[in-house]
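Residue strings, one per chain:
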Amino acid sequence: MKRKSIIPFFVLTVLFYMAANFAHPVTPTLIVERNLDSSLFGTAMAATTLTIFLFSPLWGKLCAYIPTKRMLLICGVGYAIGQTIFGMAYSGAMVIFGRVFAGMFSGGMITVSANHIINVSPPEKRAQNLTALATIQTVAGACGYFVGGMLGTISVEAAFAAQVVTLLSCGILYFITAQDDTPFKVKPEKALSLRDANPFAAFAEAKKFMTPMLALLFIMMVFAGIGYNSFEQCFNYFIKDQFRLGSQYNGTIKAVIAIAVLIGNSTICTYLQKKTDTNKTFFPMMVLYTAVVGCIFIVSGFTPFVIIYVLFSVINAARIPLIQNIVASRATPENSNSVMGFYQAMNSFGSIFGALFAGIIYAKNPMLPFALSFASLVIATLFGGAYVAKYKKAKKAE
């Protein structure tokens with residue numbers, strides 16, 4: 001079957017990731033204006049990532065049975081409903097419920113999008129398209145922060161309304177325009193059953209594809225997820241709480257990040273993908289990533305703080321496609337959907353603890369979440385080093 005151009009899919013994905021971030025810059029404002037507990041900035045995100053963690057392997061498994069364009073429609077609608085609940089929340093319980101509901105489907109969008117790319121891309125274009133997807137996630141997300149921040153100057157409700165409408169529209173347009181990936185994937189031998197709807201059963205499937213090398217990568221991703229989310233969630237609330245800045249500042253900083261990431265991923269990341277063995281070269285990125293976070297403890301003032309955050313975001317955006325492609329390259333056509341679902345689950349597993357602990361320990365000392373981020377990234381880097389050492393040993397034995 002002839003492969004369709006993937007450009008329309010990427011255009012819609014830009015809109016989706018922009019919309020997915022409309023609410024983030026106004027979330028601190030929502031918490032403050034509605035007199036909710038400050039720890040909700042962390043616990044609400046932890047609730048989201050918990051459901052992403054639980055359901056990502058299931059979404060990955062379902063990708064083997066159901067056309068991904070249909071799943072993108074389901075996830076777009078579900079995500080919009082969850083954010084509607086969140087935007088209407090005036091209690092902590094309603095915030096958590098909305099974020100849990102949204103998390104089930106936002107994780108689906110992330111997992112299904114990656115699987116769609118893998119399924120419909122020619123083998124020689126897969127790494128390039130995965131890099132494009134990861135770049136879109138960060139750049140469009142940052143642009144979405146900017147738009148959401150500007151909408152937040154009107155009202156919190158304006159940002160949520162724009163988000164819900166755009167998410168619904170993206171889900172529908174994905175279904176109408178995306179290529180049916182059914183001809184390009186291996187059909188499972190057994191039919192889909194009710195047991196397959198159990199997210200814990202999907203985790204059990206991991207034993208069928210897990211290898212020592214994948215295990216090292218997944219453990220590294222867990223600790224990197226703790227480090228990333230502890231820093232990211234704390235920063236967004238920190239500049240509102242400590243510097244008394246409005247949502248437009250969050251959005252403007254994200255716009256700067258969008259430009260920097262676009263330049264970085266189109267140059268450095270592309271070069272590493274094409275000219276180096278990424279099984280080795282991702283490791284220096286991890287070392288640099290950790291070092292940048294460590295710098296937060298030797299600077300003071302708003303401007304150095306923001307510069308570190310921009311560098312942190314750019315390096316994170318560059319390392320993601322490298323690791324994502326390494327994981328995808330260790331999958332087979334038969335298990336690639338499940339492997340990528342598990343990949344997203346491991347990202348979310350770390351994010352659960354990063355967001356949750358950041359929210360809890362922030363009240364003790366606003367710098368503690370950054371200490372947690374640094375410690376977690378040090379551990380992640382050590383596991384990355386173990387992977388590289390094992391990889392080099394295996395290459396020598398060939």
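Above this text sits the structure in question.
Below or above, wherever it landed, is the structure these notes cover.

Parameters at a glance
- Residues numbered from 1 in each chain as written.
- Predicted model: local features only at pLDDT ≥ 70, side-chain atom pairs only at ≥ 80, totals over all residues.
- Heavy atoms only, no water.
- Helix = DSSP H or I, 4+ residues; strand = E, 2+ residues; numbered from the N terminus.
- Buried < 20%, exposed > 50% of the residue type's maximum accessible area, 1.4 Å probe, protein only.
- Contact = heavy atoms within 4.5 Å.
- Areas by Shrake-Rupley, 256 points an atom, 1.4 Å probe, with all protein chains shown as cover.
- Lys, Arg positive; Asp, Glu negative; His and termini not counted.
- Charge placed at Lys NZ, Arg CZ, Asp CG, Glu CD.
- Core = buried A, V, L, I, M, F, W, Y, C linked by side-chain atoms within 4.5 Å.
- Expected span 1.5 Å × (residues − 1).
- Arc of directions from axis to C-beta.
- Phe/Tyr/Trp six-rings, centres within 6.5 Å; stacked < 30°, edge-to-face > 60°.
- Salt bridge = Lys/Arg side-chain N within 4 Å of Asp/Glu carboxyl O.
- Polar contact = N/O pair within 3.5 Å; in protein donor to acceptor, adjacent residues only side chain to side chain.
- Axes fitted to C-alpha atoms, helices over the stretch in contact; angles between N-to-C directions.
- Left-handed = near helix turned anticlockwise from the far one by under 90°.
- Nonpolar A, V, L, I, M, F, W, Y, C, P; charged D, E, K, R; others polar.

## Regarding the overall build of the protein chain
Move 1: In terms of regular secondary structure, the protein chain is built from 14 helices and 0 strands.
Move 2: Once the C-alpha set of the protein chain is aligned to its principal axes, its extents read approximately 55 × 45 × 35 Å.
Move 3: Relative to its full complement of 398 residues, the protein chain shows a buried share of 56%.
Move 4: A sequence separation of at least 24 residues applies to 87% of the contacts in the protein chain between residues at least 6 apart.
Move 5: Entry remark: accessible area of the protein chain is about 16,200 Å², with carbon and sulfur atoms responsible for 69%.
Move 6: Between the averaged position of the 30 positive side-chain charges in the protein chain and that of its 14 negative side-chain charges there is a distance of 6 Å.

## Regarding the nonpolar core
Move 1: Residues Phe16, Phe218, Phe282, Val327 and Tyr387 are the most contacted members of the largest nonpolar core, which totals 100 residues.
Move 2: Apart from the residues within four sequence positions on either side, Val327 is in contact with Leu214, Leu217, Phe218, Met221, Val339, Met340 and Tyr343.

## Here's the deal with unusual backbone geometry
Move 1: Of note in this structure, Asn35 is not a glycine but carries a positive phi near 55°.
Move 2: Its place among the elements puts Asn35 in the loop between helix H2 (27–33) and helix H3 (40–62).

## Topic: the side chain of Thr48
Move 1: Relative to the helices and strands, Thr48 resides in helix H3.
Move 2: Setting aside chain neighbours within four positions, we find Thr48 in contact with Arg99, Gly103 and Ser106.

## Comments concerning the environment of Gln179
Move 1: Looking at the element boundaries, Gln179 is found in the loop between helix H7 (156–177) and helix H8 (199–204).
Move 2: We classify Gln179 as buried; its relative accessible area is 7%.
Move 3: Residues Gln179 and Ile226, 47 residues apart in the sequence, show an inter-C-alpha distance of 35 Å.

## Description of the side chain of Ser376
Move 1: Along the chain, the position of Ser376 falls in helix H14 (residues 368–397).
Move 2: Assessed through its relative accessible area of 6%, Ser376 is described here as buried.
Move 3: Residue contacts for Ser376: discarding those within four places in its chain leaves Phe223, Ile226 and Gly227.

## Thoughts on H7
Move 1: Between its terminal C-alpha atoms H7 stretches 32 Å, which fits the 32 Å expected from 22 residues at 1.5 Å a residue.
Move 2: For H7, the set of buried residues is Val156, Ala159, Phe160, Gln163, Val164, Leu167, Cys170, Gly171 and Tyr174. When H7 is viewed along its axis, its buried side chains cluster within an angular range of 130° and face the same direction. Turned more than 90 degrees away from the buried face of H7, the exposed residues are Val165 and Ile176.
Move 3: Residues of H7 that are buried sit in contact with helix H1 (7–20), H2, helix H4 (68–87), helix H5 (92–120) and helix H6 (126–152).

## Details of the environment of Ser266
Move 1: Residue placement: Ser266 occurs in helix H10 (residues 247–275).
Move 2: By relative accessible area, Ser266 is classed as partly exposed at 47%.

## What to know about the packing of aromatic side chains
Move 1: Tallied over the entire structure, the rule returns 22 aromatic pairs.
Move 2: Summarising the aromatic geometry, the rings of Phe86 and Phe160 are spaced 5.2 Å apart at their centres and angled 90° between planes, so their arrangement reads as edge-to-face. With Phe86 in helix H4 and Phe160 in helix H7, the pair connects residues that are 74 residues apart, well separated along the chain. Each member of the pair, Phe86 as well as Phe160, is classed as buried.

## Quick notes on H1
Move 1: Taking 1.5 Å of rise per residue, 14 residues should cover 20 Å, and H1 covers 20 Å from first to last C-alpha, within 8% of that figure.
Move 2: Taken together, the buried positions of H1 are Phe9, Phe10, Leu12, Thr13, Phe16, Tyr17, Met18, Ala19 and Ala20.

## Here's the deal with the pattern of salt bridges
Move 1: Enumeration according to the criterion identifies 2 salt bridges in this entry.
Move 2: Arg34 is paired through a salt bridge with Glu157; the nearest N and O atoms lie 2.9 Å apart. Here Glu157 lies in helix H7 and Arg34 lies in the loop between H2 and H3, a separation of 123 residues in the sequence.
Move 3: For Arg34, a relative accessible area of 10% gives the class buried.
Move 4: The partner of Lys185 in a salt bridge is Asp181, and the shortest N-O contact between them spans 3.3 Å.
Move 5: When its relative accessible area of 13% is taken as the criterion, Lys185 is described as buried.

## Points about the environment of Glu232
Move 1: Along the chain, Glu232 turns up in helix H9 (residues 212–241).
Move 2: You can call Glu232 buried: its relative accessible area is 5%.
Move 3: For Glu232, the residues in contact, after removing those within four places along its chain, are Tyr145, Lys254, Tyr309 and Phe312.
Move 4: Side-chain polar atoms of Glu232 contact the side chain of Tyr309, separated by 2.8 Å.

## Some points on the packing of H5 against helix H13 (residues 336–362)
Move 1: Viewed as axis vectors pointing N to C, H5 and H13 meet at an angle of 145°, and their least axial separation amounts to 9 Å. Where H5 crosses over H13, the handedness of that crossing is right-handed. Judged by residue contacts, Ile110, Thr111, Asn115, Ile118 and Asn119 of H5 engage Ser336, Asn337, Met340, Gly341 and Gln344 from H13.
Move 2: Of the residues in the contact of H5 with H13, the class split is 3 nonpolar, 7 polar and no charged.

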